[in-house]
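Per-entry structural report
Each chain, written out:
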Amino acid sequence: MANLAEYPRTKEGSNISKIVVDRDLCIAAVSCMAVSAETYDLDAEGKIVVKDANVIDDATLLASAEACPVKAISLFDKEGTQVFPK
Ligand code: SF4
């Protein structure tokens, strides 16, 4: 079973309401952190965690998820539909 960590996003005006990190997939490439160091951090296990789900705009959040080489970061809209990866 996938080892998923879910982070609600409550940023006003945002179409993205949840960030999900698949901890099994994450290989600590830190490409996501290179796009947004304000959003992500590495934990003691060398896996990415979301430290602030609301700090960046939707476009930058999407870019950070797209930067992940193993697609460990998924984004969901308010209806619960996965918007990335499609
Ligand atoms: S880019 Fe992907 S693999 Fe690399 S740290 Fe971020 S979530 Fe993990």
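Above: the structure in question.
Heads up: these notes are all about the structure in this document. (Residues numbered from 1 in each chain as written. Predicted model: local features only at pLDDT ≥ 70, side-chain atom pairs only at ≥ 80, totals over all residues.)

1. Some words on the sheet that holds strand β5 (residues 73–77)
Reading across the sheet, the 4 strands line up as β1-β2-β5-β6 and stay open at both edges, with antiparallel pairing between neighbours. Each end of this open sheet is capped by a strand with a single partner; those strands are β1 (4–8) and β6 (82–84). When the angles between neighbouring strand axes are averaged without regard to direction, this sheet yields 30 degrees. Pairing of strand β2 (residues 16–22) with β5 involves 5 bridges; the strand directions are antiparallel. Looking at β5, one finds that V20 is bridged to S74. Contacts between helix α2 (residues 58–66) and the sheet are confined to β2, β5 and β6, with β5 contributing the most and set at about 145 degrees to the helix. (Pairing = 2+ DSSP bridges. Helix = DSSP H or I, 4+ residues; strand = E, 2+ residues; numbered from the N terminus. Axes fitted to C-alpha atoms, helices over the stretch in contact; angles between N-to-C directions. Contact = placed C-beta atoms within 7 Å.)

2. Examining the site of the ligand
Residues in contact with the ligand amount to 13 residues; listed here are only the nearest, C26, A29, C32, C68 and A72. Grouping the constituent residues of the shell around the ligand by class yields 12 nonpolar, 1 polar and no charged. (Near = placed C-beta within 6 Å. Nonpolar A, V, L, I, M, F, W, Y, C, P; charged D, E, K, R; others polar.)

3. Quick word on the pairing of β2
For a regular strand, the rule is simple: side chains alternate between the two faces of the sheet. With 5 bridges joining them, β1 and β2 adopt antiparallel strand pairing. Pairing of A5 across the sheet is with V21, part of β2.

4. Overview of the nonpolar core
In terms of nonpolar packing, the biggest core is built from 15 residues, with I19, V21, C32, A65 and I73 touching the most fellow members. Where this core is concerned, the elements lending two or more residues are β2, α1 (31–35), β4 (48–50), α2 and β5. Residues in contact with C32, not counting those within four places in the same chain, are Y40, I48, S64, A65, A67, C68 and I73. (Core = buried A, V, L, I, M, F, W, Y, C linked by C-beta atoms within 7 Å. Buried ≥ 20, exposed ≤ 12 C-beta atoms within 10 Å, placed from the backbone.)

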